[in-house]
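# Coordinates in review
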Amino acid sequence: LDEPTNGLDPRGREQTLALIRSLWKDLGISVILSSHLLQDVAKVCESIVIINKGRIVVHDTLENLSRRESPRLEVLVANKRDQFLREAASWGPELLPSGRVRLHIPDGDTGSLFSMMSRLEIYPLEMIPSPTNLESLFTGLSTGTGKHP
């Protein structure tokens, strides 16, 4: 299927994705999907092939591709957000539209993050794992290096 949700309204898009998902989950029918809408790919695909300049750069499961990326955490703080952003510079903070701050946590080690927050009396309202960003994986893998940045 080439761009099966292109031009559909939100309801039609969700119905199409549900149908595609049911083909392989319920009926065991493999589907080849070509799409630039990576959020759709992440919803329905188990295995991903990324092609760059006519060559397969990677062929792997979405789960394995996700492991290539350093763990990310989204933090919503109750106070001192600006100070938190400055102090968290080594984790590459990214302020999200939701007000959360996305951090890249090497090796998933949050100990130093918790220590910093405790020392500065910055209180977390919410800390959740950030979902895999298929778009950043695709960008890194399709540069021709075959590696995620």
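This is a predicted model, so every value here is computed, not measured. (Residues numbered from 1 in each chain as written. Predicted model: local features only at pLDDT ≥ 70, side-chain atom pairs only at ≥ 80, totals over all residues. Heavy atoms only, no water.)

### Describing the pattern of salt bridges
Applying the stated rule across the entire model yields seven salt bridges. In this structure, Arg13 and Glu14 form a salt bridge, with 3.2 Å as the shortest nitrogen-oxygen distance. Of the residues examined, Arg13 reaches a relative accessible area of 18% and is grouped as buried. A relative accessible area of 32% places Glu14 in the partly exposed class. Residue Lys43 is joined to Glu14 by a salt bridge in which the shortest nitrogen-to-oxygen separation is 2.9 Å. Of this pair, Lys43 sits in helix H2 (residues 38-44) while Glu14 sits in helix H1 (residues 10-25), and the two are 29 residues apart along the sequence. In this structure, a network of salt bridges that share partners links the residues Glu74, Glu94, Arg100, Arg102 and Glu126. (Salt bridge = Lys/Arg side-chain N within 4 Å of Asp/Glu carboxyl O. Buried < 20%, exposed > 50% of the residue type's maximum accessible area, 1.4 Å probe, protein only. Helix = DSSP H or I, 4+ residues; strand = E, 2+ residues; numbered from the N terminus.)

### Focus: the sheet that holds strand S4 (residues 94-95)
Spatial strand order, S4-S5-S3-S6: four strands in an open sheet with antiparallel pairing. Of all the strands in the sheet, the pair left with one neighbour each is S4 and strand S6 (124-129). Those strands touched by helix H5 (residues 111-119) are strand S3 (72-77), strand S5 (101-104) and S6, and its axis lies near 170° from that of S6. (Pairing = 2+ DSSP bridges. Contact = heavy atoms within 4.5 Å. Axes fitted to C-alpha atoms, helices over the stretch in contact; angles between N-to-C directions.)

### Details of the nonpolar core
General note: in soluble globular proteins, nonpolar side chains tend to be found buried as a group. One finds Phe84, Leu103, Leu113, Met116 and Met117 to be the most contacted residues of the largest nonpolar core, which totals 14 residues. Going through the elements one at a time, S3, S5 and H5 are the ones with two or more residues in this core. Excluding residues that lie within four positions of it along the chain, Leu103 makes contacts with Pro71, Arg72, Leu73, Val75, Phe84, Ala88, Trp91, Pro93 and Leu113. (Core = buried A, V, L, I, M, F, W, Y, C linked by side-chain atoms within 4.5 Å.)

### Here we look at the layout of surface pockets
The computed volume of the largest pocket comes to approximately 690 Å³. Where the lining of the largest pocket is concerned, the elements lending two or more residues are H1, H2, strand S1 (47-52) and helix H6 (134-141). The element best represented in the lining of the largest pocket is S1, accounting for five residues. Residue composition of the lining of the largest pocket, grouped by class: 16 nonpolar, six polar and one charged. (1 Å grid on protein atoms, 1.4 Å probe; cavity = no way out; pocket = protein on both sides within 12 Å on 5 of 7 lines; lining within 4 Å. Points joined across faces, edges and corners; volume = space filled by probe spheres on them. Nonpolar A, V, L, I, M, F, W, Y, C, P; charged D, E, K, R; others polar.)

### Description of the environment of Leu103
By the secondary structure assignment, Leu103 is in strand S5. Classification of Leu103 as buried rests on a relative accessible area of 0%. It is 6.3 Å that separates the C-alpha atoms of Leu103 and Glu74, two residues lying 29 residues apart in sequence.

### Quick notes on the confidence of the model for the protein
Taken as a whole, the protein shows an average pLDDT of 82; of its residues, 84% reach a score of 70 or greater. Per-element confidence in the protein ranges from a low mean pLDDT of 66 for H6 to a high of 91 for H1. Of the regions scoring below 50 in pLDDT, residues 144-149 engages in 15 contacts with residues more than four places distant in sequence or in other chains. (pLDDT = per-residue confidence, 0-100.)

### Things to note about the side chain of Arg13
Its location among the elements puts Arg13 in helix H1. Apart from residues no more than four positions distant in its own chain, Arg13 is found in contact with Thr5, Leu8, Gln39, Asp40 and Lys43.

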